[in-house]
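Report on the structure
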Number of protein chains: 2
Amino acid sequence: MEKTHPPIATRVDDILGSASLGTRRTVALVVEDAADELVAIFYSTLLQDEEAARFLSHSIVNERLHHSLRRWLTDLFVAQIADDVTLFSDRQKTIGDVHARIRIPIHLVMQGANLLKVALFQRLETTPLQRDDLWAALVYAGGLIDLAIEIMSQAFVRSTASRVQTDEAYRLFSLGQDITLERESQRAALMEWSQSVLFSLYGTEQEAKLASISASEFGLWLHHRAGVMFQGSATLEHIERSMRSIDSDLLPQIAAARSGSRSELPGLLEKLQAAIAEMKFLLADMFQSVAAIENGRDPLTQTLNRRFLPSILSREIAIATKNDTQFSVLMIDVDHFKQINDQWGHPAGDAVLRQIADVVLETCRLSDFVFRYGGEEFLVALVEMDSDAAFQIAERIRGAIEARDFISPDNTRLPVTVSVGIATFDGHPDFSYLIKAADHALYRAKQMGRNRCMISESARMDRVG
Amino acid sequence: MEKTHPPIATRVDDILGSASLGTRRTVALVVEDAADELVAIFYSTLLQDEEAARFLSHSIVNERLHHSLRRWLTDLFVAQIADDVTLFSDRQKTIGDVHARIRIPIHLVMQGANLLKVALFQRLETTPLQRDDLWAALVYAGGLIDLAIEIMSQAFVRSTASRVQTDEAYRLFSLGQDITLERESQRAALMEWSQSVLFSLYGTEQEAKLASISASEFGLWLHHRAGVMFQGSATLEHIERSMRSIDSDLLPQIAAARSGSRSELPGLLEKLQAAIAEMKFLLADMFQSVAAIENGRDPLTQTLNRRFLPSILSREIAIATKNDTQFSVLMIDVDHFKQINDQWGHPAGDAVLRQIADVVLETCRLSDFVFRYGGEEFLVALVEMDSDAAFQIAERIRGAIEARDFISPDNTRLPVTVSVGIATFDGHPDFSYLIKAADHALYRAKQMGRNRCMISESARMDRVG
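Residues numbered from 1 in each chain as written. Chains lettered and ligands numbered in written order. Predicted model: local features only at pLDDT ≥ 70, side-chain atom pairs only at ≥ 80, totals over all residues. Heavy atoms only, no water.

A short note on the relation of the copies chain B and chain A
- Between the two copies, chain B and chain A, the superposition gives an RMSD of 0.1 Å; the rotation angle is 180° and the shift along the axis is 0.1 Å. Here the transformation between the copies is reduced to the relation of a two-fold axis. Taking the C-alpha atom as reference, chain B places Arg131(B) closest to the rotation axis, 2.3 Å from it.
- A share of 100% of interface residues in chain B that are also interface residues in chain A marks the association as one of identical surfaces. (Least-squares fit on C-alpha atoms with pLDDT ≥ 70 in both. Contact = heavy atoms within 4.5 Å.)

Following this line, the structure appears as structure tokens:
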């Protein structure tokens, strides 16, 4: 390697040293002159992001952000703060942290900086700088902006990761509260609101305002709590839409009917009743579905949800790499499962899957990980185990299933077997390669007639070679 | 705004259009010629990261990565894949996703690209390209690399955020399993290992190998499960160190004593017993501490843990911005709390805090958020509430606490009061500004004699102006 890994101080030195003082002064003059235009390019880029734009278009932010962008640019090239590496570096880190906090995506910042660079380069081309000085001006100005964005990005990603982690912890904490109690409380809150509307309709105060559902305890809960618990739920959006239409359409119509021709009231109240009934149903449904998803285990087989596969395999790969230990993966597929399902129905198929999962869980150690990978597929991560030992485990599973009596609903014995592909960690950091290798070995096991275990080619070659 | 927000196709067009075909060909020749050197610069940058280096220095990865980096570079400048914008863009996205999966930090990729750019620019300077063509070559080559990295970063950050979210969900899922059962199982597993060692010591097979604790069920659990549940725990590291020293020091000494002079055995076994006892204690301690931390609520007052403050305030700011609703924050501080603690002891102070928390929780709505912010400080987030209404809530809290009978251990009445700072969301996207504003208002309330509520200056100006 010709180049070692320079720390920031060295890189700043290299960048500053690439241009003469005269060239740096030319860049400073150009930046000072064009600052407003350059800042406008950067700012307009940030507005592209719909979510960021909501904040950034706010007048206060607009003004402050223009000011900070301008300051950032002139600090770099006019005040030349990079002469003080710590100041330069700390400033960029702070900006990255703020971006993470107010959620300005890093790629937009990069885009803004890239467009700004081109505009600055165009300005520089129109100066009288000669070939080599112009080259140096570009290397200097581009390099400094690039380095600033690089430091910013590192801070941004670190802060964002920690934010996402806390967000998820909070979401699961919200879910972890007594969810049955929450469901009943909110059902009651919904009823309370509808009661208040009915009372004020039939009450004596003819002009009493009908309480909006959005402002009710239920509405506030839905807006401020449910969004966390039921992140991204389509049902939640459905309920929110219903709520909005009750407030904006139905309630005003009811209010008008009350003071006008009361003959329309019964029809409108029927509509209201139907809307509330639907909302109650959707609410129950939403609570129901979240309980299933968040469980972390497959409800049928009690094996792990494949959602955790990336977390667990990445972690095991890191451990195996760090400690130089072995680590194997089994991909287990039920042979001719479709026929079992077709001939004996889904309940019989489900029973077969449950029993297979039991065999697998009993055969593995407590420290291994068993996932439901697909409909009739299981993936097992065998920690600290080489491919020979993994093959033995796979054989034990295959044999136990072949020997087991799976009984159909009409009491005939079902001939259930499995095929298994085995792959062992070979140093490749991407867990998807390991899965692919096991999958490929499984495919060969199927091709060779099923009810057998095969070790992945690459793992075998490694052992032979 | 002079510049609109160009989509990627337009930006690629701009970049490709910035240089003539002849200049592009010169860049292609330089890249082809210098590819190995440029790739080496990039690769050596990635090795800087200790964790990334562990994977990347592996021979297989080394070879594959050199190959992919070379391909990436020649695709850009020799094969010129950017002529097909979709292909170009998809390729960069895939790379970003892979980086997220194998955890190569984006700032290292940016750094590698930046150093590569400079080296390429230096090569370009030595070509016979004239001033304006050299300028165009830099804008073209730099622009294309920058755009590629930008697209990569967007994919990287998205994938990383989703990975972090799943990791945290998995961690909390692990914790959510029956933790008491887990504790007892692992205590039993530890005992089982020590029993097996003792049996093989006193057994008839003089040469039976002593089972290492790392390879025991307990050891595997500690390595592969505990690391997730007790992320970053110092106690866990302590246990791991003990385990390593048992395997590498104590067991070999015991084995040697067994076959040599058995006189040393009693002393060594005492050491082993002490090490196991310590491990049992640390294990219990670790399970204990995690239950408290993960609760999400402050154990004393049952208010929310301030760890969730960023998640909740960011979310509320997003909701307030999107729906154009109000949102206020109270910062509540107990007056002269130190005196209460000093005079009546911590138990009395704790009782006061609990009662204050009760008053606050009773006064707020279910949709509000009450946090323990500091020792004697609470922060309340009042959703959909303007500063007038927030002031009324604050006054109600202040009055209720002033009126309440706080009784000291010797049955005298303690004069407990609170001061409150109030701030209302003014459009600034950074929640830390809102907290600062409430804090500043609280400071003024203290200065003006305590036992009072003050609205933040900026919020008041907004209302007046």
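Still more to cover.
A look at the sheet that holds strand E1 (residues 327-334) of chain A
Residues and elements named next belong to chain A.
- One open sheet accounts for five strands, arranged E2-E3-E1-E6-E7; its pairing is mixed. For this open sheet the edge positions go to strand E2 (369-374) and strand E7 (453-455), each flanked by a neighbour on one side alone. Geometrically, the sheet is characterised by an average inter-axis angle of 20° between neighbouring strands, direction not taken into account.
- Where E1 lies against strand E3 (residues 377-383), seven bridges are found, and the strand directions are antiparallel. By the bridge assignment, Phe327 is partnered in E3 with Val383. (Pairing = 2+ DSSP bridges. Helix = DSSP H or I, 4+ residues; strand = E, 2+ residues; numbered from the N terminus. Axes fitted to C-alpha atoms, helices over the stretch in contact; angles between N-to-C directions.)

Some details on the nonpolar core
- In this structure, Phe77(A), Phe88(A), Phe77(B) and Phe88(B) are the most contacted members of the largest nonpolar core, which totals 112 residues.
- Ignoring anything within four residues of it in the chain, the contact list for Phe88(A) reads Val12(A), Leu76(A), Ile81(A), Ala82(A), Leu144(A), Leu147(A), Ala148(A) and Ile151(A).
- Phe371(A), Tyr373(A), Phe173(B) and Leu313(B) belong to the second largest nonpolar core, which has 60 residues in total. (Core = buried A, V, L, I, M, F, W, Y, C linked by side-chain atoms within 4.5 Å. Buried < 20%, exposed > 50% of the residue type's maximum accessible area, 1.4 Å probe, protein only.)

Thoughts on the interface of chain B and chain A
- Each side of the interface is counted separately: chain B has 103 residues, and chain A has 105 residues.
- Of all residues in chain B, the largest losses of buried area upon contact with chain A belong to Arg131(B), Trp135(B) and His224(B), amounting jointly to 8% of the total for that side.
- At the boundary of chain B and chain A, one finds four salt bridges.
- Linking Asp146(A) and Lys117(B) is a salt bridge whose minimum nitrogen-to-oxygen distance equals 2.4 Å.
- At the boundary of chain B with chain A, the tally comes to 26 residue pairs in polar contact (both at pLDDT 80 or more).
- Ranked by residues supplied to the side of chain B that touches chain A, first place goes to helix H7 (residues 131-176) of chain B with 25 residues. (Buried area = accessible area lost by both parts, 1.4 Å probe. Salt bridge = Lys/Arg side-chain N within 4 Å of Asp/Glu carboxyl O. Polar contact = N/O pair within 3.5 Å; in protein donor to acceptor, adjacent residues only side chain to side chain.)

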